[in-house]
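# Descriptive structure summary
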Amino acid sequence: KSRETADPAAGSTPKLTADKHWAETTPKRKLCVKAAKEHSIPEDLNKVLENKVMDTVMDLSYVKLSVVEMTCSGEADSEGIVSKSVSSHSDLIPGVYEGGLKIWECTFDLMDYFSEAEIEFTNKTVLDLGCGAGLLGIVALRGEAARVHFQDYNSTVIDEITLPNVVANCISEGRRMGSGKDKKASKPPSKKPRKAEGSPDVLNRCRFFSGEWSQVSQLLLSSNKPCSKYDIILTSETIYNPDYYSALHDTLAQLLDRNGRVYLASKVHYFGVGGGIYLFQKFIEERNMFRTSMVKTIDQGLQRCIMEIAFKNAC
C-alpha cells in the first residue's frame, strides 16, 4: 500500500469523490494503539550521528535512507520497521510502520508555503506532528521558534531519522542555526559522517515523542514538565487513512492553542488507502469545532493542497 498515488478522478470532482470515499471507509477497523514515550537527547551528540551519512535538500541536512536501510538493525530497530519496509517494498504498513522513513513531497509544498505566506515562527511553540524526517520542525527552529516538539508513530524513526536530522542542522559548522537568512553563505553539508561539536542551545528548545497520537496527547497533558498548547501545528501527508481521522481531530482539539493555527499538507486523494484532503475537511466540518481554509493548491503532477485549520472562535 502506498500513500504516493492519487485518484485521477479526484481532481475533477473532489467533493463528490470525498463523499463517495467517506461511505466506503465505514465501518472502521479497530486501530492499534502504540504507547507514547519521550526520547531523550544524548549528551554525546556524536552518538546520534554515528554511522549516519548526510545529504542536503533546500539547505537542510537529512539522513540518507539508503544508508539507514543498510546499517539499522537489532536494538537500533527494535520495531523491525526498516527490515519490514525493505522486505515488503512498502512505504506503509498500517499499525506497524506509518511512512516516517521517507520524505514525502507535500513536506516541500508546505516549506514553500511558509516562505510565500511569510509564516512567522518567532517565539512560537510548534508541534511537528507525524514528523518523519522533521524538516518542518527544523524550519520552525530556523525561524526562531521558542519551542519545537517532534512526534512520529515509530520510535525507530525518531531515534534514527528525526533526532539525527535535528542535531545535524543544529551543530555548528562555522555558524549556529539562525533564521535561515544566510542560506547563500552556508556551507553545504558533507555526505560523510559528521562530528558534533558540543550541544548548541537550540537543542534545548526541542523535545521528541513517539507513539500513537492520542497516547502522545495524554503524555504531554499529564507530564510533569509544563506543556502549554501549541501556537502552530505542522503536519504533512498524515491524512491518508480515514481510520485515523478521529484521533487526529481529537489531538488537534486537545493540543492547539485557542488562537493557534494548523497547517496541513496533503494530496487530494490517496489511492489504495482511501484518505484525502476533502474527505478530512468534511470530517472536520461535521464536528463543528474548527474552521478550515484551502490556502494553496498545487496542480503539478498529483494534485495537492495546503489547508489552514483554526478553532471557530479563534481571533
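Residues numbered from 1 in each chain as written. Predicted model: local features only at pLDDT ≥ 70, side-chain atom pairs only at ≥ 80, totals over all residues. Heavy atoms only, no water.

### So, the overall build of the protein chain
So the rule is basically this: In DSSP terms, a helix is any run of H or I states spanning at least four residues, a strand is any run of E spanning at least two, and both are numbered starting from the N terminus. Partly exposed describes any residue whose relative accessible area lies between the buried limit of under 20% and the exposed limit of over 50%, with all areas from a 1.4 Å probe on protein chains only and scaled to the type maximum. Using a 1.4 Å probe, the Shrake-Rupley method yields the accessible areas, and only the shown protein chains count as cover for residues.
Looking only at helices and strands, one finds ten helices and ten strands in the protein chain. Going through the 315 residues of the protein chain one by one, you find that 53% of them count as buried. Of the roughly 14200 Å² of accessible surface on the protein chain, a fraction of 50% belongs to carbon and sulfur atoms.

### Some remarks on the pattern of salt bridges
Cut-off, in case you're wondering: Should a side-chain nitrogen of Lys or Arg be within 4 Å of a carboxyl oxygen of Asp or Glu, the pair is scored as a salt bridge.
Enumeration over the complete set of coordinates arrives at twelve salt bridges. One salt bridge in this structure joins Lys-296 and Glu-116, with 2.9 Å as the shortest N-O distance. Of this pair, Lys-296 sits in strand β9 (residues 290-298) while Glu-116 sits in helix α5 (residues 105-116); the two residues are 180 residues apart in sequence, bridging distant segments of the chain. Judged by relative accessible area, Glu-116 falls into the exposed class, the value being 52%.

### A closer look at the nonpolar core
Definition in use: The set of buried Ala, Val, Leu, Ile, Met, Phe, Trp, Tyr and Cys residues whose side-chain atoms join them within 4.5 Å is what this entry labels a nonpolar core. The criterion used for residue contact is that any of the two residues' heavy atoms lie within 4.5 Å.
Phe-121, Val-126, Leu-141, Phe-150, Val-166, Val-167 and Leu-234 are the most contacted members of the largest nonpolar core, which has 48 residues in total. When residues of this core are assigned to their parent elements, the largest contribution, eight residues, is made by helix α7 (residues 155-170). Val-167 has contacts with Leu-45, Val-48, Leu-49 and Leu-203, leaving out every residue within four places of it along the chain. Of all hydrophobic cores here, the second largest spans 36 residues; its members include Tyr-270, Val-273, Tyr-278 and Phe-311.

As far as function goes, none of this settles anything; it's purely spatial.
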